[in-house]
Amino acid sequence: MRVPLSHDLGKDEVRRRLQSRSHEIGQYVPGGLADVTTSWPSEDRMNLAVKAMGQSIDGCVIIEETQVIFEVNLPLALSFVEPMVANAIRQQGQKLIASK
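Values in this document were obtained by computation on a predicted structure and should not be read as measured data. (Residues numbered from 1 in each chain as written. Predicted model: local features only at pLDDT ≥ 70, side-chain atom pairs only at ≥ 80, totals over all residues. Heavy atoms only, no water.)

**Q** Where do I start with the overall build of the protein in this structure?
**A** Broken down by element type, the protein carries three helices and five strands. In sequence order, the protein lays out its α and β elements as β-α-α-β-β-β-β-α. For a compact globule of 100 residues, the expected C-alpha radius of gyration is about 13 Å, and the protein comes in at 13 Å, within 12% of that figure. Judged by the C-alpha coordinates and their principal axes, the protein covers about 35 × 25 × 20 Å. Put simply, the protein has 100 residues, and 38% of those count as buried. Taking contacts inside the protein between residues at least 6 apart in sequence as the whole, the part at least 24 apart equals 45%. (Helix = DSSP H or I, 4+ residues; strand = E, 2+ residues; numbered from the N terminus. Rg over C-alpha atoms; globule rule 2.2 N^0.38 Å. Buried < 20%, exposed > 50% of the residue type's maximum accessible area, 1.4 Å probe, protein only. Contact = heavy atoms within 4.5 Å.)

Now the structure itself:
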């Protein structure tokens, strides 16, 4: 599943915000009890590993000049929740890159 979010911040600013706030991602998962691990294989890609409610989900965030793309690999057993997950990513992703 791919969820693009437009922005006008520039790649450097989006990267800075994601790096400084990535510890908040677990709070955005329903229930707020997710274990989230992030890594940066390149400066414009943040990998995610999320463990919550007995499920493991991986994905990444790709930073582009005018958009941030959230890619999430939902297990087949969770494919029915894809619309809800995409909506949550849209709402919470904006919060993640918003200025504080």
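From this point on, the discussion continues.
**Q** What should I look at first to understand the pattern of salt bridges in this one?
**A** One side chain can pair with another of opposite charge once the charged atoms of both are near each other. All chains considered together, the criterion is met by eight salt bridges. For Arg 15, the salt bridge goes to Asp 44, with nearest N and O atoms at 2.7 Å. Taken together, the residues span a long stretch of sequence, with Arg 15 in helix α1 (residues 11-21) and Asp 44 in the loop between β2 (35-42) and β3 (45-52) at a distance of 29 residues. Members of the salt-bridge network, linked through shared partners, are Lys 11, Asp 12, Arg 15, Glu 43 and Asp 44. (Salt bridge = Lys/Arg side-chain N within 4 Å of Asp/Glu carboxyl O.)

**Q** How do you make sense of the pairing of strand β5 (residues 67-73) when you look at a structure like this?
**A** Residues in a regular strand project their side chains so that they alternate between the two faces of the sheet. With respect to burial, β5 is a largely interior element, five of its seven residues being buried. Sheet topology places strand β1 (residues 2-6) next to β5; five bridges connect them, and they run antiparallel. Its bridge partner being in β5, Arg 2 is matched across the sheet by Glu 71. Pairing between strand β4 (residues 55-63) and β5: six bridges, direction antiparallel. Bridge pairing in β5 links Val 61 to Phe 70. Taking the residues that link successive antiparallel strands as the turn, the β4-β5 hairpin has three residues. (Pairing = 2+ DSSP bridges.)

**Q** Please explain the sheet that holds β5 as it appears in this structure.
**A** The strands that make up a sheet are held in pairs by hydrogen bonds between backbone atoms, and each pair lies either parallel or antiparallel. One open sheet accounts for five strands, arranged β1-β5-β4-β3-β2; its pairing is antiparallel. Each edge of the open sheet is held by one strand with a lone partner, namely β1 and β2. Here the average twist between neighbouring strands, direction ignored, is 20 degrees. Judged from the eight bridges that link them, β3 and β4 form a sheet pairing that is antiparallel. Paired with Leu 48 across the two strands is Gly 59, which belongs to β4. Sitting on the sheet, α1 touches β2, β3, β4 and β5, and the angle it makes with β4 is about 150 degrees. The sheet strands contacting helix α3 (residues 82-97) are β1 and β5, and the helix crosses β1 at an angle near 35 degrees. (Axes fitted to C-alpha atoms, helices over the stretch in contact; angles between N-to-C directions.)

**Q** I would appreciate a short explanation of the environment of Ile 63 in the present structure.
**A** Mapped onto the elements of the fold, Ile 63 is located in strand β4. Here Ile 63 falls in the buried class, since its relative accessible area comes to 3%. Contacts of Ile 63, omitting those with residues within four sequence positions, involve Lys 11, Val 14, Arg 15, Leu 18, Trp 40, Glu 43 and Asp 44.

**Q** What is the right way to read α3 from this model?
**A** Residue pairs spaced three or four apart in an α-helix point in one direction, given the helix's 3.6 residues per turn. Given a rise of 1.5 Å per residue, 16 residues ought to cover 22 Å, and the 22 Å separating the end C-alpha atoms of α3 matches this to within 8%. Restricting attention to buried positions, one finds in α3 the residues Ala 86, Ile 89, Gln 92, Gly 93, Leu 96 and Ile 97. (Expected span 1.5 Å × (residues − 1).)

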